[in-house]
Amino acid sequence: MNKTVLITGASSGFGKATVKLFHNKGWNVIATMRSPEKENELSALDKVLVTQLDVTSNQTIQNAIQEGIAKFGHIDVLVNNAGYGAMGALEAASEEEVKKQFDVNFFGLIAVTKAVLPGMRQQRSGIIINVSSVGGRITFPFASLYHATKFAVEGLTESMQYELNPLGIQLKVIEPGGYRTEFAGRSMSIFGGNGMEDYQPGFDQFMNMFEHWPMSEDLSEVASAIYEAATDGTEKLRYPVGHDAVQLIGTRHQMDDVDFKKMMVAQMGM
Ligand SMILES: NC(=O)c1ccc[n+]([C@@H]2O[C@H](COP(=O)([O-])OP(=O)(O)OC[C@H]3O[C@@H](n4cnc5c(N)ncnc54)[C@H](OP(=O)(O)O)[C@@H]3O)[C@@H](O)[C@H]2O)c1
């Protein structure tokens, strides 16, 4: 029997690349996205169900899971990939901005996870793969909300192992570095200093660094790491992906908090 994976945020970037890889490997794929009517490349693929799922809408989550199970019978792997970055000084973030960042990156991930768990518990098997970030292990300036959601995803995932491993369910975290997707484009919410002069020079320096970050074009590296996490049969939890992620996480381990902050400030020219 073919295995089935459900992927959130499959309209672009890592999600779309991951749909294609699992499809090429012969899996059934439930490719979920907010606006499936805009997608025609994935919907042309055999054994790929393109359907609507907005991680902030419980109704669409339930519908997508029911539709997927009706078509493929079961869900073996969940890839919680949907997410975006909110960039700016915390004080300048509106309440709506704060809430939305957590609604999508954290509460949305929890809602989808809770919706697949009954099936996984019943079958006593399953793998939940959460797309975190190198930003779930280290922080950059002016991205506190984004980091808060990704640090939360890391802690959530690590702790859930204790309650779910005995039921046959494994947990995984993917930690990509910088990749050229819609993340730094249409997906990003940039509020900066929101007109607050005190924050503007630092924010401009951060954006300058961010715009010159050597983003990798090879999204297959991330898709491959997700596929590895789904199939390697190990208890390995964290999968850093990309030379920048591996290097930054390694450096963070070797430095104390003060030295790491000084290195970051120096790199930003702040
Ligand atoms: N690219 C990087 O450098 C990088 C590095 C580390 C981690 N990440 C993480 O990787 C994940 C995927 O991002 P990406 O780089 O592939 O960027 P992307 O191309 O912008 O993809 C993000 C996806 O999330 C979807 N999404 C946003 N809000 C949603 C919602 N409420 N419900 C369902 N889907 C929603 C978007 O859907 P729409 O098309 O409808 O907007 C899009 O499909 C994110 O969790 C991001 O934080 C990215």
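Conventions adopted
Counting restarts for each chain, with residues numbered from 1 along the sequence as it is written. Side-chain atom pairs in this predicted model are given and counted only at pLDDT of 80 or more, local residue features only at pLDDT of at least 70, and totals for whole chains, interfaces and linings cover all residues. Hydrogens and waters are ignored; side-chain quantities use all the structure's heavy atoms. We define proximity as follows: a residue is near a molecule or strand when any one of its heavy atoms falls within 4 Å of that partner. Identification of polar contacts relies on pairs of N or O atoms within 3.5 Å, with a donor-acceptor requirement for protein atoms, meaning one able to donate a hydrogen and the other able to accept it, and with residues adjacent in sequence counted only if both atoms are side-chain atoms. Only the protein chains shown count as cover for residues, and all accessible areas are computed by the Shrake-Rupley method using a 1.4 Å probe. Under the scheme used here, helices are H or I runs from DSSP no shorter than 4 residues and strands are E runs no shorter than 2 residues, and both carry numbers assigned from the N terminus. The classification used treats Ala, Val, Leu, Ile, Met, Phe, Trp, Tyr, Cys and Pro as nonpolar, Asp, Glu, Lys and Arg as charged, and all other residues, Gly among them, as polar. Relative accessible area decides the class of each residue, using a 1.4 Å probe on protein chains only: under 20% of the type maximum gives buried, over 50% gives exposed, and in between gives partly exposed. How far a helix is expected to stretch is found by multiplying one less than its residue total by 1.5 Å. Here the arc refers to the directions that run from the helix axis out to each C-beta atom. The criterion used for residue contact is that any of the two residues' heavy atoms lie within 4.5 Å. The criterion for strand pairing is that DSSP finds at least two bridges linking the strands in question. Here the axes come from fitting lines to C-alpha atoms, over the contacting stretch only for helices, and the angles between their N-to-C directions go from 0 to 180 degrees.

K.L.:
Explain the site of the ligand to me, please; I cannot follow it from the model alone.
P.N.:
Inspection of the region around the ligand gives 28 residues, with Ser 11, Arg 34, Tyr 146, Thr 181 and Ser 187 positioned closest. Between Arg 186 and the ligand, the recorded distance is 2.9 Å, taken from a side-chain N or O atom to an oxygen atom. Relative to its unbound accessible surface of 900 Å², the ligand loses 95% to contact with the protein. For the shell around the ligand, the elements supplying multiple residues, two or more each, are helix H1 (13-24) and helix H4 (144-164). For the shell around the ligand, the per-class residue count stands at ten nonpolar, 13 polar and five charged.

K.L.:
Hey, could you run me through the environment of Pro 118 in this one?
P.N.:
In this structure, Pro 118 sits in helix H3 (residues 95-123). Of the residues examined, Pro 118 reaches a relative accessible area of 43% and is grouped as partly exposed. Here the alpha-carbon distance between Pro 118 and Phe 106, two residues twelve residues apart in the chain, equals 20 Å.

K.L.:
Would you mind showing me how to read helix H8 (residues 257-268) here?
P.N.:
For an α-helix, the turn length of 3.6 residues means that residues three or four places apart are oriented alike. Over its twelve residues, H8 runs 17 Å from end to end, which matches the ideal 16 Å to within 8%, given 1.5 Å per residue. Restricting attention to buried positions, one finds in H8 the residues Phe 260, Met 263, Met 264 and Met 268. Seen from one end, H8 has its buried residues packed into an arc of 130°, which puts them on one side. Of the exposed residues in H8, those oriented more than 90 degrees away from the buried face are Lys 262 and Ala 266. Residues of H8 that are buried in the fold lie against helix H5 (200-211) and helix H7 (243-254). The N-terminus of H8 is capped by Asp 256, whose side-chain oxygen sits 3.2 Å from the backbone nitrogen of Val 258. Where H8 terminates, the next one or two residues include Gly 269, which has phi positive at roughly 70°.

K.L.:
What exactly am I supposed to notice about the sheet that holds strand E1 (residues 4-7) here?
P.N.:
Neighbouring strands of a sheet are bound in pairs by backbone hydrogen bonds; such pairs are parallel or else antiparallel. Ordered by their spatial adjacency, seven strands build an open sheet running E3-E2-E1-E4-E6-E7-E9, and the pairing between neighbours is parallel. Among the strands making up the open sheet, the edge pair consists of strand E3 (48-52) and strand E9 (238-241). Mean inter-strand twist for the sheet, computed between neighbouring axes without regard to direction, equals 15°. Examined bridge by bridge, E1 and strand E2 (residues 28-33) share four bridges and lie parallel to one another. Each bridged residue has a counterpart across the sheet, and for Val 5 the counterpart in E2 is Val 29. This element, helix H2 (residues 58-72), spans E1, E2 and E3 of the sheet and lies at about 160° to E3.

K.L.:
Any chance you could explain the pairing of E9 here in plain terms?
P.N.:
When a strand is regular, its side chains alternate between the sheet's two faces. The side-chain alternation of E9 yields one buried face, formed by Tyr 239 and Val 241, and one unburied face, formed by Arg 238 and Pro 240. Examined bridge by bridge, strand E7 (residues 169-176) and E9 share four bridges and lie parallel to one another. Paired with Pro 176 across the two strands is Val 241, which belongs to E9.

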